[in-house]
Amino acid sequence: MAAAAHDYEAAAELARFHGTRAGVRGLVESGVTAVPPLFSTPTTMTPAAPLAPPAAPATPPSSAFTIPVIDLSLPRPDAVALVRAAARSHGFFHATNHRVPAGAVAAALAAARSFHEQPLAARSAFYSLDPVGPVAYSTIPVTQQPPVLPWRDSLRVRFGPGNPELGDLPPSCRDALRVYQRALAGFGEEMAGLLSEALGVGAARLEEELRVRGWLMACHYYPPCLKPGSVMVGSREHTDPGVFTVLAQDGVGGLQVRYDRDHDGDVDDNGGVWVDVVPVPGALLVNIGDLLKVVSNDEYKSVEHRVVIRSKQDARVSIALFFNPAKRGHSDRFGPLPELATAERPAEYRNFTFFEFMSSRRKFGHSRSSMQCLKVSLN
């Protein structure tokens, strides 16, 4: 009975929070002095998704793990080799000299910040938990049972397919985000070509197989917190589902990735160690998604990552553009490229539809465990 009463109260508290349509920033604006239980770090986590305490230190300075920085102005063969090495070993890399105008990146980050920091009456009109529409602003639950919320608000914008109406977004915000998304279309095309060529299948192969498009954008806002160590991380550990993600971020920091070996080169008891991703001025951060991991037949890594809240004064702003397959009909199936499945290295995954793929994530969570049901060895 006590557990049922607790669950009822938690659900009621969640409903009250969403009812304010104010997001986490609304709590900060209200002058809250204690972190509500909905945001408290859980005392237990499922074995499939272990979570280190948010206040835990990052990897020691002696760690051999650093996120690679790749200069895209290098000769093509050199850039391909560096992309291959980074995608295989780290699953994350910074791209510099990417030819996306610095002004477009800065304007998009400023627009995202201005949206989240506009008066409540203006931003609350967009508050919605419905992921289908072209524009939605909300605090997306980390878990439903029990309900846990991240210390993060998100503005999700869909730019395709077609030309969706972006509603009544403030013109300055709408225009800056649209310019940035269009600027990244060329970058995404170049990156898909580099990643494809790095697999040894030719620069056009991924586009032929997947039709890679960057249509979904998430503008995240992590408000400052008086007690950073007492709240759920800004985002729970997860992998990204698609082909790859491109992230622009300010200089506040907080993004971490988890690797399977510690700074001495040994596997630790918790399955890995969290490493800070220090922002590189002028760079765009690229990370490999689960679908590309599958298509590459595990040549590439899709790495778990999260955001921890550290600042009591500064809000963190980031913009993720998710590059996903535009081919996702009922007859479209995904699996390792035939060229990469050989007698010496058989296919690691069975073929599946996009619906099956996303259903596995909803069922098993957004971490590495969601991929296991797609493995050949388990079918």
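Computed from a prediction, not measured in an experiment: that's the story for all the values here. (Residues numbered from 1 in each chain as written. Predicted model: local features only at pLDDT ≥ 70, side-chain atom pairs only at ≥ 80, totals over all residues. Heavy atoms only, no water.)

Counting across every chain of the model gives 9 aromatic pairs. Ring geometry for phenylalanine 17 against phenylalanine 39: centres 5.5 Å apart, planes inclined by 75°, an arrangement best described as edge-to-face. Residue phenylalanine 17 is located in helix α1 (residues 2-20), and its partner phenylalanine 39 is located in the loop between α2 (23-29) and β1 (69-71); the two are separated by 22 residues in the primary sequence. With respect to class, phenylalanine 17 is no different from phenylalanine 39; both count as buried. A centroid spacing of 6.3 Å and a plane angle of 70° characterise the contact between phenylalanine 334 and phenylalanine 354, whose relative ring orientation is edge-to-face. With phenylalanine 334 in strand β15 (residues 333-334) and phenylalanine 354 in helix α9 (residues 354-364), this pair connects stretches of sequence that are 20 residues apart. The buried category is assigned to phenylalanine 334, whose relative accessible area is 2%. Classification of phenylalanine 354 by relative accessible area gives buried; the value is 12%. Above the plane of the ring of tryptophan 274 lies arginine 306, whose end atom (NZ or CZ) is 4.0 Å from the centre. Sitting over the face of the ring of phenylalanine 354, arginine 328 holds its NZ or CZ atom 4.2 Å from the ring centroid. (Phe/Tyr/Trp six-rings, centres within 6.5 Å; stacked < 30°, edge-to-face > 60°. Helix = DSSP H or I, 4+ residues; strand = E, 2+ residues; numbered from the N terminus. Buried < 20%, exposed > 50% of the residue type's maximum accessible area, 1.4 Å probe, protein only. Lys NZ or Arg CZ within 6 Å of the ring centre and 35° of its normal.)

For the rest of this paragraph, the subject is the pattern of salt bridges. For the coordinates displayed, the defined rule picks out 21 salt bridges. Residue arginine 258 pairs with glutamate 304 through a salt bridge whose shortest N-O separation is 2.2 Å. Here glutamate 304 lies in the loop between α8 (290-295) and β13 (305-307) and arginine 258 lies in strand β10 (residues 255-259), a separation of 46 residues in the sequence. Across the pair, exposure class does not vary: arginine 258 and glutamate 304 are buried alike. Among the salt bridges present, the one from aspartate 290 reaches arginine 361, with a minimum N-O distance of 2.7 Å. Residue aspartate 290 is found in helix α8, and its partner arginine 361 is found in helix α9; the two are separated by 71 residues along the sequence. With respect to burial, aspartate 290 and arginine 361 carry one shared label: buried. When salt bridges with common partners are traced through the structure, they connect Lys293, Asp298, Glu348 and Lys375 into a single cluster. (Salt bridge = Lys/Arg side-chain N within 4 Å of Asp/Glu carboxyl O.)

Turning to the side chain of histidine 220, a few remarks are in order. By the secondary structure assignment, histidine 220 is in strand β7 (residues 212-222). When its relative accessible area of 11% is taken as the criterion, histidine 220 is described as buried. Polar contacts involving the side chain of histidine 220 include one to the side chain of serine 154, which spans 2.7 Å. (Polar contact = N/O pair within 3.5 Å; in protein donor to acceptor, adjacent residues only side chain to side chain.)

Taken together, the 8 strands give an open sheet; going across it, the order is β1-β2-β12-β9-β14-β7-β6-β3, and neighbouring strands pair in mixed fashion. Strands at the two margins of the open sheet, each flanked by one partner only, are β1 and β3 (135-138). Strand-to-strand twist in this sheet, taken as the mean axis angle between neighbours without regard to direction, amounts to 25°. Strand direction decides the pairing type here: β3 and strand β6 (residues 153-158), joined by 4 bridges, are antiparallel. Bridged to alanine 136 within β6 is arginine 156. Running over the sheet, helix α4 (residues 102-117) touches β3, β6, β7, β9 (244-249) and β14 (316-325) and is turned about 115° from β14. (Pairing = 2+ DSSP bridges. Axes fitted to C-alpha atoms, helices over the stretch in contact; angles between N-to-C directions. Contact = heavy atoms within 4.5 Å.)

Given 3.6 residues per helical turn, the α-helix brings residues three or four places apart onto the same face. What α9 keeps buried is the set Phe354, Phe357, Ser360 and Arg361. For α9, the angular spread of the buried residues around the axis is 125°, confining them to a single face. Looking at α9, the residues exposed on the side facing more than 90 degrees away from the buried face are Phe355, Arg362 and Lys363. Structurally, α9 contributes buried residues whose contacts are with α8, β14, β15 and β16 (352-353). (Arc of directions from axis to C-beta.)

Residue phenylalanine 17 is classed as buried on the basis of its relative accessible area of 8%. Counting along the chain gives 122 residues from phenylalanine 17 to threonine 139, while the straight-line C-alpha distance between them is 9.4 Å. Apart from residues no more than four positions distant in its own chain, phenylalanine 17 is found in contact with Gly23, Val24, Leu27, Leu38, Phe39, Tyr127, Thr139 and Leu149.

Helix length check: helix α6 (residues 171-198) (28 residues) gives 40 Å between terminal C-alpha atoms against 40 Å at 1.5 Å per residue, within 8%. The principal kink in α6, of about 25°, is found at alanine 185. Positive phi appears at glycine 200, one or two residues downstream of α6, with a value of about 80°. (Expected span 1.5 Å × (residues − 1). Bend = angle between axes of the 7 residues up to and from the residue.)

Quick look at the environment of arginine 84 now. Following the sequence through the fold, arginine 84 ends up in helix α3 (residues 76-89). Of the residues examined, arginine 84 reaches a relative accessible area of 26% and is grouped as partly exposed. As for arginine 84 and glutamate 299, which are separated by 215 residues in sequence, their C-alpha atoms are 9.0 Å apart. Among all residues touching arginine 84, those that are not within four sequence positions of it are Glu197, Ala198 and Tyr300.

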